[in-house]
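Inside the fold
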Amino acid sequence: MVVIGAGLGGLIAARDLADAGHEVTVLEARDRVGGRIYTTTFPGTSTEVDLGAEWGSPDHHLALGAELGRYGLSFEEVDETESGVWRLDGQIRNTGGADARVCLSERERAELDGALDVLAADARALGFEGADDSPAADRLDITFTEYVESLNLSRIGNELLYSTAFSFAGGDPDEYGAWMLVREIAGYDSEPEVLFGDDYRISGGSSSLPRAIAAELGDRIRLGVQVSSVRDDDEAVSVSTSDGEELRAAAVIVAVPINVLGELEFANSEISSRIKALGGSHAGAASKVWARSPNLPPEVFGMAWPELPEIYCHPTDPDLVAAFGMPQVFGEPSTQSMQQLFRGLIPDVEVEAIFEHDWSNDPLARGTWLAGRPGQRHHTAALREWQGRVLFAGADLDTGWAGWMDGAITSGGRAAGKAGLAMGGSRG
Ligand SMILES: Cc1cc2nc3c(=O)[nH]c(=O)nc-3n(C[C@H](O)[C@H](O)[C@H](O)COP(=O)(O)OP(=O)(O)OC[C@H]3O[C@@H](n4cnc5c(N)ncnc54)[C@H](O)[C@@H]3O)c2cc1C
């Protein structure tokens with residue numbers, strides 16, 4: 001069998017197939033495994049930073065927890081925030097922690113609580129795994145902007161919802177669907193308080209998991225091999241690479257981001273039309289920029305909508321801070337432009353260096369994590385459910401924690417199970 005893509009989804013699919021006794025080859029275009037999980041050293045320091053995925057929840061991301069356990073890895077809780085900084089309606093407010101609610105007036109707090117109650121009720125109505133079939137699904141299949149506008153909140157209420165939602169949906173609220181965000185809240189026991197923090201990361205950095213799986217797979221993984229086309233017939237599947245090599249396999253699992261599927265050629269017209277029906281990319285487009293600064297407030301966390309929806313300190317290096325934002329606001333970030341953005345929250349801060357990976361312009365990702373557009377869920381489901389010698393996997397297509405590391409794991413495992421069943425006794 002062939003797996004295309006050595007992100008977490010592809011690695012899990014390959015590992016499970018190998019465990020079941022199948023011969024498997026993983027073709028990965030990059031010179032590293034992990035895809036949108038990418039832990040590396042901040043230049044000029046010895047500190048490792050996660051340029052991609054970083055956060056998880058031991059109580060909710062159970063597949064991730066199980067895989068960490070299998071490889072002797074673990075979640076680590078991040079210390080309480082000491083300096084919370086929020087810009088609300090143009091004014092900076094300081095709090096002793098990551099929860100903005102402590103700096104709200106009674107009236108603002110009541111308004112926010114009312115909005116969170118609506119979110120909680122919608123999350124309960126929608127549900128998590130069965131959300132596609134919920135009677136609330138169509139009502140919530142609108143943009144998050146439309147959803148927030150229907151709540152008629154003050155400017156501060158809007159800013160709080162848009163900025164906290166960004167950590168989950170990572171895109172422009174005019175583009176991503178309320179359905180997706182509400183469904184994620186349903187996954188967190190329908191408790192929208194999660195928008196104000198759930199603070200666990202993978203000890204040693206997120207790449208420690210894909211690296212551990214890759215070590216087990218050994219030379220079944222081929223790096224630097226970009227697939228250009230996939231042709232299936234009654235007997236087998238042919239996979240062609242951009243270097244002109246052709247591989248034959250009994251089945252193929254395609255585990256690449258949905259935003260780059262359009263760049264692969266599929267001979268099967270039904271598969272091509274399902275990919276076309278996705279309507280292009282999902283709306284997940286976030287910039288994540290690490291910055292080095294000598295004068296950060298201790299253990300800082302902050303938000304300012306729309307310029308800087310989230311900043312947080314590095315867990316061990318007090319001079320490093322991560323900033324999330326919309327690519328159309330961050331542009332091509334520089335030390336000067338990031339210093340200017342940070343100063344909107346922390347007036348005297350100095351930025352000496354920055355470091356990022358530009359996921360939106362990365363031809364092997366073309367975006368960050370899944371943020372489904374209204375209506376798009378029907379088309380991701382159609383691709384996920386495709387049965388044949390070619391199967392689709394990856395976090396973007398999962399039925400559980402879609403868009404998360406956990407979703408990559410469950411999706412990869414399911415695809416391996418389907419491929420194994422479809423191939424029966426065949427080991428190719
Ligand atoms: C900035 C950022 C922050 C994130 N934060 C979090 C977080 O805090 N928590 C969380 O759980 N998730 C987070 N995510 C999401 C998480 O990283 C992804 O959902 C998950 O890792 C995707 O895994 P995947 O295997 O489905 O896809 P990918 O990791 O994208 O893997 C797909 C692989 O396919 C390869 N590929 C693409 N095209 C080809 C081709 N033609 N031929 C061969 N190989 C190809 C790619 O190079 C890549 O290695 C974040 C993502 C980003 C970018």
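Residues numbered from 1 in each chain as written. Predicted model: local features only at pLDDT ≥ 70, side-chain atom pairs only at ≥ 80, totals over all residues.

**A few points about the domain arrangement of the protein**
Quoted interface sizes are often the accessible area lost when the parts come together. For the protein, the assigned domains read domain 1 (2–37 + 205–279 + 370–423) and domain 2 (101–195). For domain 1 and domain 2, the distance between their C-alpha centres works out to 31 Å. Taken together, the 10 residues of domain 1 in the interface contact 14 residues of domain 2. In terms of residue class, the side of domain 1 that touches domain 2 is built from 4 nonpolar, 4 polar and 2 charged. (Domains from an automatic or database assignment. Contact = placed C-beta atoms within 7 Å. Nonpolar A, V, L, I, M, F, W, Y, C, P; charged D, E, K, R; others polar.)

**Topic: the site of the ligand**
Surveying the vicinity of the ligand reveals 39 residues, the closest of which are G5, G7, G35, A53 and G394. Listing elements by their share of the shell around the ligand, those giving two or more residues are α1 (8–19), β2 (25–28), β5 (55–56) and α12 (405–423). For the shell around the ligand, the leading source of residues is α1, giving 3 residues. (Near = placed C-beta within 6 Å. Helix = DSSP H or I, 4+ residues; strand = E, 2+ residues; numbered from the N terminus.)

**Points about the nonpolar core**
Counting 130 residues, the largest nonpolar core has V3, A13, V182, V252 and I253 as the members making the most contacts within it. Built from parts of two domains, this core gets at least three residues from each of domain 1 (2–37 + 205–279 + 370–423) and domain 2 (101–195). The contact partners of A13, leaving out residues within four places of it in the chain, are V3, I253, A255, A393, G412, A415 and A416. (Core = buried A, V, L, I, M, F, W, Y, C linked by C-beta atoms within 7 Å. Buried ≥ 20, exposed ≤ 12 C-beta atoms within 10 Å, placed from the backbone.)

**What about the sheet that holds strand β9 (residues 200–202)?**
The sheet built from 3 strands is open, its strands ordered β5-β9-β6 with antiparallel pairing. Two strands close off the open sheet at either side, each with one partner strand: β5 and β6 (75–77). Across 3 bridges, the pairing between β6 and β9 is antiparallel. Bridge assignment links E76 to a residue of β9, and that residue is R201. (Pairing = 2+ DSSP bridges.)

**Thoughts on α12**
Taking 1.5 Å of rise per residue, the 19 residues of α12 would be expected to cover 27 Å, and the 27 Å separating its terminal C-alpha atoms lies within 8% of that figure. Those residues of α12 lying buried are M405, D406, G407, A408, I409, T410, S411, G412, R414, A415, A416 and A419. (Expected span 1.5 Å × (residues − 1).)

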